[in-house]
Amino acid sequence: MSDNPRAEIGQTNDTELVKRLLIENYGYAPELVYEIRGRYHKVYAWKPCSFEIRGPDRNGVYFGRIESDGIRLSIEGSFLVGPKATKNVVELDDERARRYLSGESVEIDDKDLHGWVIVKWRSYYLGSAKAKEGRLINYVPKERRLKLEDPAKA
C-alpha cells in the first residue's frame, strides 16, 4: 500500500483498491462492487444483480470513505465487514458505547492500537473510529447521535 491510498484513486480499479484496503485493515472484504465517488472519496457498495434499475439514483449504499491513511467505514459498512473482520475491532462496554453513540471520544484499554477500527457493542457494529493514544476519536455523524439526558436534570 502506498503511504496515501487516495493517490491510487483513478489509477487502480475501485473495487480492487477498496478490497485491498479492507483486507489490510480488517482482514476481510465482502464480495461487493465498490465505487469511489466525488472529491471526498466516498465509497459506495452494492451486490450486482440482473435486475436493472433506471433513474437518477446511483447504485449502492454509502459504505465508507478513503482517507489519507486507510478506509473509514460508515455505520452500514461496519455492519457488512464487522461480523467477519479478524482484526481492528474494538468492543465497548455499555457505558462507553452509550457515550460513543452520543458523540464523545472514549478511552480504550489498548494504548498501542492506532488507525481505523470497527467499533462494536454486544452484537452491534456502531461504525468506525480512529484509535489514537488509547482513545477512540468519534466519527458518528451529528444527525445519528444519541441525545442523552443530563442525569442532574432527571
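Before any of the text, the structure's been laid out above.
Notes on the structure in this doc start here. (Residues numbered from 1 in each chain as written. Predicted model: local features only at pLDDT ≥ 70, side-chain atom pairs only at ≥ 80, totals over all residues. Heavy atoms only, no water.)

1. Comments concerning helix α1 (residues 14-26)
Here is step 1 of the chain: The terminal C-alpha atoms of α1, which comprises 13 residues, lie 18 Å apart, in line with the 18 Å expected from a rise of 1.5 Å per residue.
Here is step 2 of the chain: When we look at burial in α1, the residues that qualify are D14, T15, L17, V18, K19, L21, L22, N25 and Y26.
Here is step 3 of the chain: On its buried side, α1 packs onto β1 (33-37), β2 (42-46), β3 (61-67), β4 (70-73), α2 (75-81) and β7 (115-121).
Here is step 4 of the chain: Measuring from the side-chain oxygen of the N-cap residue of α1 to the backbone nitrogen of T15 gives 2.8 Å; that N-cap residue is N13.
Here is step 5 of the chain: Directly after α1, the chain includes G27, whose backbone phi takes a positive value near 80°. (Helix = DSSP H or I, 4+ residues; strand = E, 2+ residues; numbered from the N terminus. Expected span 1.5 Å × (residues − 1). Buried < 20%, exposed > 50% of the residue type's maximum accessible area, 1.4 Å probe, protein only. Contact = heavy atoms within 4.5 Å. Polar contact = N/O pair within 3.5 Å; in protein donor to acceptor, adjacent residues only side chain to side chain.)

2. Looking at the sheet that holds strand β9 (residues 135-137)
Here is step 1 of the chain: Taking strand neighbours across the sheet as the criterion, the five strands line up as β5-β7-β8-β9-β6 in an open arrangement whose pairing is mixed. At either end of the open sheet lies a strand with only one pairing partner, and these are β5 (89-91) and β6 (106-107).
Here is step 2 of the chain: Two elements, β7 and strand β8 (residues 124-132), share seven bridges in a ladder whose sense is antiparallel. The residue bridging I118 from the neighbouring strand is S128, located in β8. (Pairing = 2+ DSSP bridges.)

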